[in-house]
Amino acid sequence: MSKIRLGILGGGADSLIGILHRVAANMFDHYEITGGAFDIDFEKSKNFGEKLGLDQDRIYKDIDAMIEAESNLPKDKRIQVVSVLTPNFLHFPMAKQLLENGFHVICEKPLTTTYEEAKILKAIREKTGSIFAVTYTYTGYPMVRQMKKMIAEGVIGKIHKVDIQYYQGWINSLIHDKEKRSNTWRLDPEKSGISCCIGDIGTHAFNMAEFLTGTRIDKVLADLNYLYEDNPMDIDGTVLVRYSDNAKGVIRASQIATGEENNFCVKIYGDKGGLKWEQENPNYLYHLTEDKPLQTLKPGHAYNSDFSLEGTKLPPGHPEGIFDSMGNIYLGIANAIKNHTKFEGAYPDLEEGVRGMMFIEKTVDSHKKGNVWVNLND
Ligand code: NAI
């Protein structure tokens, strides 16, 4: 069977996320990177594309050139799906253009820079019927998938409390110096959107909460931290959340938790037990109960669900990491493109990106209104 022809926008040689997508796309042999515009600088993009072994004429100056040339190719040669790996402000115009020209889309998070834009993409996708994934990377980990299944099967009973934390420290080294602060696009509202911390990592926590519990967050009350008055972007925040089934919880995110790397922890407690998982040690899922010693579940064992096992490629004891997690998401997207989706939740859909944008806007709104409860609906 022929491979899916994948185009890439952004994700060039010096980008953070490009390598993750390229490895993920190659992991299960479903995709062939066929072309793209990898860098804002065309020379750099050409050099990079050549390094990837691409034909010169599939390395494009920009998205316009790519769409024009690809649309003129016979259908069996044309790029089928495009990954959008640029800074946030380009996600909306690029994804819109791709949808309107008949491509499937894989888009980095946050989906757009405003909720309004996200809804426009949703309306277009309803007409085109394209596959549209938003890469909330962490939902691909085998033990996250196992956690979702265990919660759905009632292993921890009725959920009481959901505590999700995503702590990083990297902005501490920039935030105290005005010049350094202005040199990162993540702290520029024009490029990043109205929020830095909640938009960049709080949105992962929000998605994880809804993915794992299978319920929706209905309300938020936020207390954000901007640290300096002339800084327009939050760099830390605590958000109280209420779920549609009345469970309560908290989303804690920070980029000034000095010394922290990617400390993303999920703790969910119900009336029969609790489950805990940490991104920096992703191969351990802890199951807590009142009457038994702590149990540690690991990937690849037959006691895991099929959904968890699908993405485990080697026997137990070979650690899975973030590349595997993204690889599992690309696998889910490939199955959807080939029309044989096996598992619900195998990749995060556009709808989840739209919810993420609503969360970002309502959270900032809650903070700006004086830390009040805000409903997550239109
Ligand atoms: P980056 O700044 O490291 O790289 C951005 C890349 O896009 C660069 O190669 C740049 O030259 C290229 N680019 C910019 N404008 C372009 C244009 N008009 N055409 C083609 N290429 C262009 O950014 P980073 O950290 O890789 O983030 C990119 C996106 O990935 C962001 O939306 C970010 O939120 C997301 N991200 C997601 C993560 C996840 O866990 N899912 C983790 C890190 C980033």
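Predicted, not measured: the structure shown is a model, and the values here were computed from it.

A. Broad picture of the sheet that holds strand 3 (residues 81-85). The strand order across the open sheet built from 5 strands is 2-1-3-4-5, with neighbouring strands paired in parallel fashion. For this open sheet the edge positions go to strand 2 (31-37) and strand 5 (132-134), each flanked by a neighbour on one side alone. Each strand of the sheet is rotated relative to its neighbour by a mean of 20 degrees, with strand direction disregarded.

B. Quick peek at the nonpolar core. In terms of nonpolar packing, the biggest core is built from 98 residues, with Ala-95, Val-105, Met-147, Ala-205, Ala-209 and Tyr-330 touching the most fellow members. Residue contributions to this core peak at 9 residues, all from helix 10 (residues 197-213). Residue assignment places this core across two domains, with domain 1 (4-137) and domain 2 (141-308 + 349-368) each supplying three or more. Residues within four places of Ala-209 in sequence aside, it is in contact with Val-162, Ile-164, Ile-217, Gly-249 and Ile-251.

C. Looking closely at the domain arrangement of the chain. The assigned domain composition of the chain is domain 1 (4-137) and domain 2 (141-308 + 349-368). When each unit is reduced to the centre of its C-alpha atoms, the spacing between domain 1 and domain 2 is 26 Å. At the interface, 20 residues of domain 1 touch 19 residues of domain 2. Contributing elements (two or more residues each) for the side of domain 1 that touches domain 2: helix 5 (115-128) and strand 5. Residue contributions to the side of domain 1 that touches domain 2 peak at 6 residues, all from helix 5. For the side of domain 1 that touches domain 2, the class distribution of residues is 12 nonpolar, 4 polar and 4 charged.

D. Main features of the sheet that holds strand 14 (residues 374-375). Here we have 9 strands laid out as an open sheet, ordered 13-12-11-10-6-9-8-7-14, and mixed in their pairing. At either end of the open sheet lies a strand with only one pairing partner, and these are strand 13 (295-297) and strand 14. One ladder, built from 7 bridges, connects strand 8 (residues 236-243) with strand 9 (residues 248-254); its direction is antiparallel. From the neighbouring strand, Thr-238 faces strand 9, where its bridge partner is Arg-252. Where helix 6 (residues 142-152) meets the sheet, it contacts strand 10 (263-270), strand 11 (274-278), strand 12 (285-288) and strand 13, and its direction lies at approximately 165 degrees from that of strand 11. Along the sheet face, helix 10 touches strand 6 (159-167), strand 7 (217-225), strand 8, strand 9 and strand 10 and points at about 150 degrees away from the line of strand 9.

E. Local environment of the site of the ligand. Around the ligand there are 21 residues in total, and Gly-10, Gly-12, Ser-15, Leu-16 and Glu-108 lie nearest to it. Grouping the amino acids of the shell around the ligand by side-chain chemistry returns 8 nonpolar, 8 polar and 5 charged.

F. Region of interest: helix 1 (residues 18-27). Three or more residues of helix 1 are buried, namely Gly-18, Leu-20, His-21, Arg-22, Ala-24 and Ala-25. Of the residues trailing helix 1, Asp-29 is marked for its positive phi of about 60 degrees.

G. Quick peek at the packing of helix 10 against helix 13 (residues 350-368). Contact geometry of helix 10 with helix 13 gives a least axis separation of 9 Å together with a crossing angle of 120 degrees. By the angle class used here, helix 10 and helix 13 are oblique. Of the two elements, helix 10 crosses helix 13, and the hand of that crossing is right-handed. Residues Ile-198, Gly-199, Gly-202, Thr-203, Phe-206, Asn-207 and Glu-210 of helix 10 touch helix 13, and the partners they reach there are Glu-352, Arg-355, Gly-356, Phe-359, Ile-360, Thr-363 and Val-364. For the contact of helix 10 with helix 13, the per-class residue count stands at 5 nonpolar, 6 polar and 3 charged.

Conventions we followed
Residue indices follow the written sequence of each chain, beginning from 1 at its first position. This being a predicted model, a pLDDT of at least 70 is required before a residue's local features are given, and a value of 80 or more before pairs of side-chain atoms are given or counted; all residues contribute to the totals for chains, interfaces and linings. Any two strands with at least two DSSP-identified bridges between them are counted as paired. The way it works is that DSSP assigns letters per residue, a run of H or I at least four long becomes a helix, a run of E at least two long becomes a strand, and they are numbered from the N terminus. Here, axes are lines fitted to C-alpha atoms. For helices the fit covers the stretch in contact, and angles between N-to-C directions go from 0 to 180 degrees. Think of a nonpolar core as buried Ala, Val, Leu, Ile, Met, Phe, Trp, Tyr and Cys residues, each tied to the set through C-beta atoms within 7 Å. The burial criterion counts other C-beta atoms lying within 10 Å of a residue's C-beta, which is placed from the backbone; the residue is buried at 20 or more, exposed at 12 or fewer, and partly exposed between these limits. Residue ranges for the domains trace back to a domain assignment, done automatically or taken from a database. Once C-beta atoms have been placed from the backbone, residue pairs whose C-beta atoms lie within 7 Å are recorded as contacts. Charged residues are taken to be Asp, Glu, Lys and Arg, nonpolar residues to be Ala, Val, Leu, Ile, Met, Phe, Trp, Tyr, Cys and Pro, and polar residues to be all remaining types, Gly included. Each residue receives a C-beta atom placed from its backbone. It is near a molecule or strand if this atom lies within 6 Å of it. These descriptions rest on fixed angle ranges, namely under 35 degrees for roughly parallel, over 145 for roughly antiparallel, 65 to 115 for roughly perpendicular, and the rest for oblique. Helix crossings fall into two classes, left-handed where the near helix is turned counterclockwise from the far one by less than a right angle and right-handed where it is turned clockwise.

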